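Coordinate analysis (summary)
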Amino acid sequence: MNVLVTGGAGYIGSHTCVQLIEAGMTPVIFDNLYNAKAAVLDRIEKVAGKRPEFIQGDVRDKSALVAALKTHDIHSVIHFAGLKAVGESVEKPLEYYDNNVNGTLVLVDAMRAVGVKHLVFSSSATVYGDPASVPITESFPTSATNPYGRSKLMVEECLTDFQKANPEWTITLLRYFNPVGSHPTGEMGEDPQGIPNNLMPFVSQVAVGRRDFLSIFGNDYPTPDGTGVRDYIHVMDLADGHIAALKRLNHRKGLHIYNLGTGNGSSVLDMVKAFELASGKQIPYKIVDRRPGDIAECWADPSKANKDLGWAATRSLQDMTTDGWKWQSLNPEGYPE
């Protein structure tokens, strides 16, 4: 099966490409390299033994997408390409709506033009807004507390309406919780361009000496230690969730929605302690003001994915931090330019 992976050179996309190859599928990466480096292709080849076809292009370019879908006889699309930082989305809402919402509409239009009717969309737990309770099931009401989350929710609504009007399509919405960690070889990991917006790369860059301290955004939340609680999931478990979705839903037309998380919540300070244990290094931190749009706690009930897809997260918090540290310590500056 040939799979077009938009944003496939990015953090989650690249790890998913490795698992696609391991599963006997053929990923074709479509990425504009806005938040990724071409060197990741060498690492995918090194880890998986096969180099994916790479097309440099923007997901808002319909003609380039149509050409890619036709040329490579694509069966399914996994759509990762999107901007993903909550804080940045508050500052640049228009850019987020253009890239995330408009980009998805252009992609689906290109798929429709070619007759490709299988789509897995990289959504987010942010579509649950500030949940009334935890753990979160797929039946919870959706809302959004920031433009990033709103862009994901808008896309979900667009895809839901589109699938209803086109019942022969298979569209799967995978709502991620908080991906961390790296490939256990240390060859691949998260390499954000500029200042990291997510917790784990910031922690690991402090541990490796690239940054002086970690900023913790608020310690006055109604949580056990006052810091935000999230469901952190190993990126390899997340990648495996996509493979499970492609395999199990290949012949099941309709709209399918799944949480991909562990079902456990960990605080920011829990993660700092786990990373200190993995790295053997102290992580200096400072408490700063809360970020706009952040919520107190958020973790998944992943039982639906377990029942329908036969998928469950198997890697521990210590696996996440140990693998994350291996990547960062072997690649202190990230991927080479």
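Residues numbered from 1 in each chain as written. Predicted model: local features only at pLDDT ≥ 70, side-chain atom pairs only at ≥ 80, totals over all residues. Heavy atoms only, no water.

As recorded in an unreviewed UniProt entry, the chain goes by UDP-glucose 4-epimerase and comes from Vibrio thalassae. UniProt lists a comment for the chain under the heading Sequence similarities (unreviewed entry), and it reads "Belongs to the NAD(P)-dependent epimerase/dehydratase family." The heading Cofactor (unreviewed entry) in the UniProt record of the chain holds the text "NAD(+)". (UniProt positions renumbered as here; feature names shortened; annotations may be inferred.)

**Quick look at the overall build of the chain**
When you go through the chain residue by residue, the secondary structure sums to eleven helices and 14 strands. In terms of overall dimensions, the chain is globule-like: its C-alpha atoms have a radius of gyration of 19 Å, near the 20 Å expected for 337 residues. For the chain, the spread of C-alpha atoms along the three principal axes comes to 55 × 45 × 40 Å. Counting across all 337 residues of the chain, residues that qualify as buried make up 56%. In the chain, the proportion of contacts linking residues at least 24 apart, taken out of those at least 6 apart, comes to 80%. Summed over all atoms, the accessible surface of the chain reaches about 13,700 Å², with 49% contributed by carbon and sulfur. Here the chain contributes 32 positive and 39 negative side-chain charges, whose respective centroids are spaced 4 Å apart. (Helix = DSSP H or I, 4+ residues; strand = E, 2+ residues; numbered from the N terminus. Rg over C-alpha atoms; globule rule 2.2 N^0.38 Å. Buried < 20%, exposed > 50% of the residue type's maximum accessible area, 1.4 Å probe, protein only. Contact = heavy atoms within 4.5 Å. Areas by Shrake-Rupley, 256 points an atom, 1.4 Å probe, with all protein chains shown as cover. Lys, Arg positive; Asp, Glu negative; His and termini not counted. Charge placed at Lys NZ, Arg CZ, Asp CG, Glu CD.)

**A short note on the UniProt feature "domain: NAD(P)-binding" (unreviewed entry) in the chain**
In the UniProt entry, the feature "domain: NAD(P)-binding" (unreviewed entry) is given for residues 4-321. Regarding residues 4-321, the helix share stands at 39% and the strand share at 18%, and the terminal C-alpha atoms are separated by 30 Å.

**Focus: the pattern of salt bridges**
Counted according to the given criterion, the structure contains 20 salt bridges. Salt bridges here are not isolated pairs; linked through shared partners, they connect Lys37, Asp191 and Glu337. (Salt bridge = Lys/Arg side-chain N within 4 Å of Asp/Glu carboxyl O.)

**Description of the sheet that holds strand β3 (residues 53-56)**
Taken together, the seven strands give an open sheet; going across it, the order is β3-β2-β1-β4-β5-β6-β11, and neighbouring strands pair in parallel fashion. Among the strands making up the open sheet, the edge pair consists of β3 and β11 (254-260). Taken over all neighbouring pairs, the strand axes of this sheet differ in orientation by 20° on average, direction set aside. With four bridges joining them, strand β2 (residues 26-31) and β3 adopt parallel strand pairing. Each bridged residue has a counterpart across the sheet, and for phenylalanine 30 the counterpart in β3 is isoleucine 55. (Pairing = 2+ DSSP bridges. Axes fitted to C-alpha atoms, helices over the stretch in contact; angles between N-to-C directions.)

**Concerning the environment of alanine 244**
Positionally, alanine 244 belongs in helix α8 (residues 235-248). Alanine 244 sits 138 residues away from valine 106 along the chain, and the two C-alpha atoms are 26 Å apart.

**Quick look at the side chain of histidine 256**
Here histidine 256 is to be found in strand β11. Residues in contact with histidine 256, not counting those within four places in the same chain, are Thr170, Ile171, Thr172, Leu173 and Leu249.

**Observations regarding the environment of proline 141**
Checked against the element boundaries, proline 141 lands in the loop between β5 (118-124) and α6 (147-165). According to the relative accessible area criterion, proline 141 is exposed, its value standing at 66%. Linking proline 141 and glycine 115, residues 26 residues apart in sequence, is a C-alpha distance of 32 Å.

**Concerning helix α11 (residues 317-330)**
A rise of 1.5 Å per residue sets the reference length of α11, with its 14 residues, at 20 Å; its end C-alpha atoms lie 20 Å apart and thus fit the reference within 8%. Residues Met320, Thr321, Asp323, Gly324, Trp325, Trp327 and Gln328 constitute the buried set of α11. Buried-residue contacts for α11 involve α2 (40-48), β7 (178-180), α7 (199-207), β10 (232-234) and α9 (268-279). (Expected span 1.5 Å × (residues − 1).)

**Things to note about the packing of aromatic side chains**
What the rule picks out here adds up to four aromatic pairs. Ring geometry for tyrosine 128 against phenylalanine 140: centres 6.4 Å apart, planes inclined by 85°, an arrangement best described as edge-to-face. One end of the pair, tyrosine 128, is in the loop between β5 and α6; the other, phenylalanine 140, is in the loop between β5 and α6, with twelve residues separating them in the sequence. Both residues of the pair, tyrosine 128 and phenylalanine 140, count as buried. (Phe/Tyr/Trp six-rings, centres within 6.5 Å; stacked < 30°, edge-to-face > 60°.)

**Concerning the packing of α9 against α11**
When two helices pack together, their arrangement is captured by the angle between the axes and the distance separating the axes. As a packed pair, α9 and α11 sit with axes 9 Å apart at the nearest point and diverge in direction by 55°. If you check the angle between α9 and α11, you find them oblique. Handedness of the α9/α11 crossing: right-handed. Every residue of α11 that contacts α9 at Met271, Ala274, Phe275, Leu277, Ala278 and Ser279 is listed here: Leu317, Gln318, Thr321, Thr322, Gly324 and Trp325. Among the residues forming the contact of α9 with α11, the class breakdown is seven nonpolar, five polar and no charged. (Parallel < 35°, antiparallel > 145°, perpendicular 65-115°, else oblique. Left-handed = near helix turned anticlockwise from the far one by under 90°. Nonpolar A, V, L, I, M, F, W, Y, C, P; charged D, E, K, R; others polar.)

**Examining the sheet that holds strand β9 (residues 229-230)**
Within a beta sheet, neighbouring strands are joined by backbone hydrogen bonds and run either parallel or antiparallel to one another. Taken in spatial order, the three strands line up as β12-β9-β14 in an open sheet, and their pairing is mixed. If you trace the sheet from one side to the other, it starts and ends with β12 (266-267) and β14 (297-298), each paired once.

**Examining the nonpolar core**
The nonpolar side chains of a soluble globular protein tend to be buried, and buried together. Ranked by size, the top nonpolar core spans 41 residues in total, and within it Leu20, Ile44 and Leu309 carry the most contacts. At the level of secondary structure, the elements contributing two or more residues to this core comprise β1 (2-6), α1 (11-22), α2, β6 (170-176), α8, β11 and α10 (303-309). With seven residues, α8 is the largest single contributor of residues to this core. Setting aside residues no more than four positions away along its own chain, isoleucine 44 makes contact with Ser14, Cys17, Val18, Ile21, Ile29, Gly49, Lys50, Pro52 and Met188. (Core = buried A, V, L, I, M, F, W, Y, C linked by side-chain atoms within 4.5 Å.)

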